Amino acid sequence: MHPHLAEVLGRLDAAGGAVSAAVAGVPEGLRRTRPAPGRWSVAEVLEHLALVDRSFAQRMADAIAEARVAGLGPEDRQRDPLPPAIAHRMADRSEAREAREALRPAGSLDAAAAAAELDAARDAVRQAVSPADGLALGSVSAEHRIFGSLTMYQWVELTAAHEMRHADQIREIAGALGR
């Protein structure tokens, strides 16, 4: 596997581990409990992550498919990491954000089902980029509605950063439910 792709997929795997560890810190019987009115439960956070990961995977798959048709060549340059301002904004939980309607959880899944959906969605991210291993994914970009144009490597990093943000949220939920 190309080192650029291995690095960003490693970040995605680490984020998945962080989410799983955070979920394990919440008793199973409380994972559908909202810590306060207007806040999501652990199950809802997991469902939201699955929706976002699937959306990101589709965006990446579409951009890569278009680039292949246009004659995408081999990777031959350094990888531009996710810009620090975006990484910082993703990590900063002091700024609440509201998800678009399409990415809001329905709340119909229990935590185990939502976690399984998230695992499948994270795998969809891997499947979007892995077939293009060794190709110039650093030259393929797609627009994010807030962050602008991101390369495929940056999209994978953004996916991981988004999961890490919500792993922190799950730990906050655990603390709130433990009081």
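A brief look at the structure comes next.

### Observations regarding the overall build of the protein chain
Next up, step 1: On a plain count of helices and strands, the protein chain comes out with five helices and two strands.
Next up, step 2: Beginning at the N terminus, the succession of helices and strands in the protein chain can be written as α-α-α-α-β-β-α.
Next up, step 3: For 179 residues, the compact-globule estimate of 2.2 N^0.38 gives 16 Å, and the protein chain sits close to it at 17 Å.
Next up, step 4: When its C-alpha atoms are laid out on the principal axes, the protein chain stretches across 55 × 30 × 30 Å.
Next up, step 5: Scored against the burial criterion, the 179 residues of the protein chain give a buried share of 46%.
Next up, step 6: Expressed as a percentage of contacts within the protein chain between residues at least 6 apart in sequence, the contacts between residues at least 24 apart total 82%.

### A word on the pairing of strand β2 (residues 148-151)
If a strand is regular, its side chains alternate between the two faces of the sheet.
Next up, step 1: Note: strand β1 (residues 141-144) against β2, four bridges, orientation antiparallel. Its bridge partner lying in β2, Ala142 is registered against Leu150.
Next up, step 2: A loop of three residues connects β1 with β2, the two strands running antiparallel in sequence.

### Considerations on the packing of helix α2 (residues 42-69) against helix α4 (residues 111-129)
Pairs of packed helices are described in terms of their axes, by the angle between the two and the distance that separates them.
Next up, step 1: At their nearest, the axes of α2 and α4 sit 8 Å apart, and the two run at 15° to each other. Put simply, α2 runs roughly parallel to α4. Crossing angle aside, the handedness with which α2 passes α4 is left-handed. Each of Ala43, Leu46, Glu47, Leu49, Ala50, Asp53, Arg54, Ala57, Met60, Ala61 and Ile64 in α2 lies in contact with α4, whose residues at this interface are Ala111, Ala114, Ala115, Glu117, Leu118, Ala120, Ala121, Arg122, Ala124, Val125, Ala128 and Val129.
Next up, step 2: Here the contact of α2 with α4 is built from residues that sort into 18 nonpolar, no polar and five charged.

### A short note on the side chain of Ser41
Next up, step 1: Relative to the elements of secondary structure, Ser41 occurs in the loop between α1 (3-24) and α2.
Next up, step 2: The contact partners of Ser41, leaving out residues within four places of it in the chain, are Arg31, Arg32, Thr33, Arg34 and Ile173.

What counts as what
Every residue gets a number counted from 1 within its own chain, in the order that chain's sequence is written. Given that this is a predicted model, residues contribute local features only at a pLDDT of at least 70 and side-chain atom pairs are listed and counted only at 80 or more, while totals for whole chains, interfaces and linings are drawn from all residues. Water and hydrogen atoms play no part in the side-chain values, which are based on all heavy atoms of the structure. Secondary structure elements are defined from DSSP: runs of H or I of at least 4 residues count as helices, runs of E of at least 2 residues count as strands, and each element is numbered from the N terminus. The atom set for the radius of gyration is the C-alpha atoms, and the globule formula is 2.2 Å times the number of residues raised to the power 0.38. Think of it in three bands: residues with accessible area under 20% of the maximum for their type are buried, residues over 50% are exposed, and the middle band is partly exposed, with areas taken using a 1.4 Å probe on protein chains only. Here a residue-residue contact requires only that any non-hydrogen atoms of the pair lie within 4.5 Å. Between any two strands, at least two bridges found by DSSP are needed for them to pair. Only the stretch in contact is used when fitting a helix axis, every axis being a line fitted to C-alpha atoms; angles between N-to-C directions are given from 0 to 180 degrees. Throughout this description, any angle smaller than 35 degrees is read as roughly parallel, any larger than 145 degrees as roughly antiparallel, any in the 65 to 115 degree range as roughly perpendicular, and the remainder as oblique. The sense of a crossing depends on the near helix, which, turned anticlockwise from the far helix by less than a right angle, makes the crossing left-handed and, turned clockwise, makes it right-handed. Any residue outside Ala, Val, Leu, Ile, Met, Phe, Trp, Tyr, Cys, Pro, Asp, Glu, Lys and Arg is labelled polar, Gly included; the first ten of those are nonpolar and the last four are charged.

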